[in-house]
Amino acid sequence: MKSIGKPIVKKDAYALLSGQPVYTDDLATKDCLIVKLLRSPHAYARIKNINTDIAKKVPGIAAIYTYKDVPDIRFTLAGQSYPEPSPYDRKILDEVVRYVGDEVAIVAGENEDCVDKALKLIKVDYEIKEPVLDFRKALDNPIKVHEEDNFRTLCDVGTDQKRNLCAHGESVYGDVEDVLKNSAVVLERTYHTKANAQAMMETFRAFSYIDTYGRLNVVSSTQIPFHVRRILSNALDIPKSKIRVIKPRIGGGFGAKQTACCEIFNAFVTWKLKRPAKVIYTRNETFIASNSRHEMQMKVRLGATKDGIIQAIDLYTLSNTGAYGEHGPTTVGLSGHKSLPIYNHCLASRFVYDVVYTNTMQAGAYRGYGATQGLFAVESIVNELADELHMDPAELRLKNVVHEGETLPQYYNEYLNSCTLDRCIEKAMEMIDWKNKPLVRDMGDFTRGLGIACSMQGSSISNVDLASVEVKLQDDGFYTLSIGATDMGTGCDTILAQIMAECMDCDIDQIITNGVDTDTSPYEYESDRESDIEKLKSLIGVNVYATAENCIDKLIDDYEISGNEYSREEQRTLAGIRYEMKLRDFSLGNTFTLCEDIPVETVTKLKELGVKLKGIDVKEEAVRVISVGDVLPHEIGTVGPIFAEEYDELKEKGYAMNDTVGKSGIEKALEDELRGKDGTRTITLTNGEVTSAEVSEEAKGGHTVKLTVDSDFQRDLQEILVNFMADLRKQSEYKDVNCGSL
């Protein structure tokens, strides 16, 4: 392969290394209003009164907004495809604050100093309520986190706000209780994973402005530009057609930016005042008022035979979604659906979960998206089973793990098309010399341990996720690749360009990857995951390949190139040649490149091969094979080697000629071209045959052979060039020649 598997420089490498303005705050205009938020000091309270009169008088303050000023509409900030499983349980600003850090007021001003001063002058009278802080006590607690009447859900995920229940679900296969009762060994354990911060380098930030047409434009460091557009539409109660979202370079996300934490605030200010505005979260705000990994508690029961065959697994997951339900109903599912299928040979399995509200910061997406927590629990109890049975934990897994071709009852009865987990385990054991090393070694002042765990993760959800790709062949023979995937440093802009370049048989520099802009990028329909590297390869990458092939097929069909006469590679090349002829209007004799980097030695062998070479350009140690016709002049500065006797004939045919130049001007230009410092010579073709093709090594700056062609040659050009490449590839030293740079 020419592009894939090669050390390609990332598309944005130079911009990043040279410190170019590529991130959100770098791109924000200098006249942006500074937007900051007053946050609640209480875990649970109702705002009895809020006074902003004094704060509004601070010089430079443009506006202060409270819950009284925002639409009375509930929505979710979760970056999920519509209809979102996450409940519509929040407003831009609410009369009730539900965790320490919840937003109370929006302050917009000309600079940070005036905004900071105004924040201190806002007076809030709270009715403090008793909070629910322990998620293990939240379910059916008399304290209700959400008591509002306009709370709603779009999907049936088992929500019951009166019970503090964000979501509930069950997945049962076989009779778990009966199998456990008849198992020789039964283990029961409880595992607890805490909330974690994603801690990406670039905190949450966005800026917005109104364009010439009165539309709201939002530039955001986000993983979910299309979802942000819908979220803003819901929150501001304006049509999506009035909103444009642009994603610049992102300084990390890790799932955190799959929730639209900050965009609603600057967008609200811009929409109200029709002025540019930006919001940038501090590191402290990012820790206390954005989202985290879901805290979970998992109770696991496992039954097995004495020789280590796992017969039953029973998993109950309790998940803490915090004050709001973003990603709550979906992350919890992976705790079971991505752990239990690993041990797919069970006679029975059960997975039950509850997601509860508490008065803590809301959770969200984080790498692994809930699977991490469930895998920790299930893999831990499997290791404990190995200890109980005095078995090697790797050998125990080899007895029980899933294999290719099985149906997964704990993963929606999906058929497993590809899996080599058993071979992966065996290979890892071999590489680490597992069998000859103890699991625990006392090293004196520390202990060294050896362990094993398996995991399962998906790259897309079948029949749900969708990736869209657009490829345009531009007027100079390069391609623009428009994608909806967000590059967060994973390199998708470069990786997808590599795939495209490989398919189109061109250099990667001929592929221009466009970042996500909801006005121009194709829509990407994502479920809940960030645009990770696995999704890149399995869904988006495959789509890029399919789009490239469609592009080639269209060219082949347009030019009626028969597959009976030419191979697929020859069809691809011939289509490119014909497109280039059309693009450059070869009837006017313009120049185009067929292939580059031909070794100099090729020149001496061309006549031996009988190749009908149409042009040679020698530069240093390489030869560029080209096809050149007459360049028709429009002015003296662009006149080419037009023979004087052809002037009248060309003019009669309607070609644009500069009469002020006249024959003498053309003759002079021709003389300069032929006898100038570059040592150019002109050669005439008859019926596609080369009269002469000598290369002068004395020419300064290289030597170009200009060719004059007749109509027969124009008709035969594509066949001649295909034959040339076919003959050239027969020689082993030229088999890797790049013949697709059109």
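For every chain, the first residue of the written sequence is number 1, and numbering continues from 1 along that sequence. The predicted nature of this model means local features are confined to residues of pLDDT at least 70 and side-chain atom pairs, given and counted, to a pLDDT of 80 or more, with totals for whole chains, interfaces and linings taken over all residues. Side-chain numbers come from the whole structure's heavy atoms, not from hydrogens or water.

What to know about the packing of helix α10 (residues 371–389) against helix α11 (residues 393–400)
Put simply, the test is: Axes, fitted as lines to C-alpha atoms, cover a helix only where it is in contact. Angles between the N-to-C directions of the axes lie from 0 to 180 degrees. A run of H or I in DSSP becomes a helix once it reaches four residues, and a run of E becomes a strand once it reaches two; helices and strands are each numbered from the N terminus. For classification purposes, an angle smaller than 35 degrees is called roughly parallel, one larger than 145 roughly antiparallel, one from 65 to 115 roughly perpendicular, and anything else oblique. A crossing counts as left-handed when the near helix is turned anticlockwise from the far one by less than a right angle, and as right-handed when that turn is clockwise. Any two residues whose heavy atoms approach within 4.5 Å at even a single point are treated as in contact. Just so you know the grouping, Ala, Val, Leu, Ile, Met, Phe, Trp, Tyr, Cys and Pro go in nonpolar, Asp, Glu, Lys and Arg go in charged, and all remaining residues, Gly too, go in polar.
Axis separation between α10 and α11 bottoms out at 9 Å; the angle between their running directions is 110 degrees. Between α10 and α11, the crossing angle belongs to the class labelled roughly perpendicular. Taken as a pair, α10 and α11 cross one another with a handedness that is right-handed. In this structure, α10 uses Glu379, Val382, Asn383, Leu385 and Ala386 to contact α11, whose residues at the interface are Pro393, Leu396 and Arg397. Of the residues contributing to the contact of α10 with α11, the split by class is 5 nonpolar, 1 polar and 2 charged.

A word on helix α12 (residues 421–432)
Put simply, the test is: Any helix carries an expected span of 1.5 Å times its number of residues minus one.
Across its 12 residues, α12 extends 17 Å between first and last C-alpha, which sits within 8% of the 16 Å expected from 1.5 Å per residue. Those residues of α12 that are buried lie in contact with α11. The positive-phi residue at the C-terminal boundary of α12 is aspartate 433, with phi of around 55 degrees.

Structural notes on the side chain of asparagine 291
Operational definition: Distance and chemistry together define a polar contact, namely a pair of N or O atoms within 3.5 Å, with one atom able to donate a hydrogen and the other to accept it when in protein, and with adjacent residues in sequence counting only for side-chain atoms on both sides.
Its place among the elements puts asparagine 291 in the loop between α8 (283–288) and β13 (295–304). Polar contacts involving the side chain of asparagine 291 include one to the main-chain carbonyl oxygen of alanine 256, which spans 3.1 Å.

Some remarks on the confidence of the model for the chain
How we decide: The predictor's confidence in any single residue is recorded as pLDDT, a number from 0 to 100.
Of the residues in the chain, 74% have a pLDDT of 70 or more, and the chain-wide mean is 81. Contacts from residues 584–600, a stretch scored under 50 in pLDDT, to residues over four places away or in other chains number 74 contacts. This stretch, residues 602–647, has a pLDDT under 50; its non-local contacts, to residues over four places away or in other chains, come to 139 contacts.

A short note on the packing of aromatic side chains
Test applied: Classification of ring pairs uses Phe, Tyr and Trp, with its six-membered ring standing for Trp, and accepts pairs whose centres are within 6.5 Å; under 30 degrees between planes counts as stacked, over 60 as edge-to-face, and the remaining range as tilted. Note on classification: 1.4 Å probe, protein chains only; a residue is buried when its accessible area is under 20% of the maximum for its type, exposed when over 50%, partly exposed between these limits. By definition, being over a ring means that NZ of Lys or CZ of Arg is both within 6 Å of the ring centre and within 35 degrees of the ring normal.
For the structure on display, the rule yields 9 aromatic pairs. Residues phenylalanine 151 and tyrosine 357 carry aromatic rings whose centres are separated by 6.3 Å and whose planes lie at 80 degrees to one another, so their mutual orientation is edge-to-face. Note that phenylalanine 151 is positioned in the loop between β6 (123–128) and β7 (165–173) and tyrosine 357 in strand β15 (residues 348–357), a separation of 206 residues in sequence. Here phenylalanine 151 matches tyrosine 357 in class, with each residue buried. The ring of tryptophan 271 has lysine 274 lying over it, and the distance from NZ or CZ to the ring centre is 3.7 Å. The positively charged end of arginine 293 is found above the aromatic ring belonging to tyrosine 366, 4.0 Å away from the centroid.

Notes on the state of the cysteines
Disulfide: a covalent bond formed between the sulfur atoms of two cysteine residues. The test is simple: Cysteine sulfur atoms are paired as a disulfide whenever they fall within 2.5 Å.
One pass over the full model with this rule turns up 0 disulfides. Cysteine cysteine 419 is unpaired, with the sulfur of cysteine 424 as its nearest cysteine sulfur at 7.8 Å.

As for the nonpolar core
Basically, it comes down to this: To qualify as a nonpolar core, a set must consist of buried Ala, Val, Leu, Ile, Met, Phe, Trp, Tyr and Cys residues joined through side-chain atoms within 4.5 Å.
If you look at the biggest cluster of nonpolar residues, it comprises 58 residues, and the most contacted ones within it are Ile92, Ile106 and Ile264. Ignoring anything within four residues of it in the chain, the contact list for isoleucine 264 reads Phe75, Leu77, Ile92, Ile231, Leu232 and Ala235. Judged by nonpolar contacts, the second largest core, of 54 residues, contains Val145, Met296, Leu302 and Val401.

A look at the pattern of salt bridges
Stated precisely, the cut-off is as follows: Salt bridge, as used here: a side-chain nitrogen of Lys or Arg that lies within 4 Å of a carboxyl oxygen of Asp or Glu.
Using the criterion set out here, one finds 34 salt bridges in the structure. The shortest N-O distance in the salt bridge between glutamate 148 and arginine 74 comes to 3.9 Å. In this pair, glutamate 148 sits in the loop between β6 and β7 while arginine 74 sits in the loop between β3 (61–65) and β4 (96–97), placing the two residues 74 residues apart along the sequence. Each of the two residues, glutamate 148 as well as arginine 74, counts as buried. For arginine 215, the salt bridge is made with aspartate 519, and the minimal N-O distance between the two is 2.7 Å. In this pair, arginine 215 is assigned in the loop between β9 (205–210) and β10 (216–220) and aspartate 519 in the loop between β22 (511–514) and α14 (533–558), connecting sequence segments 304 residues apart. The exposure class of arginine 215 is buried, given its relative accessible area of 17%. For aspartate 519, a relative accessible area of 37% corresponds to the partly exposed category. Connected through shared salt-bridge partners, Arg74, Asp94, Arg98 and Glu148 make up one network.

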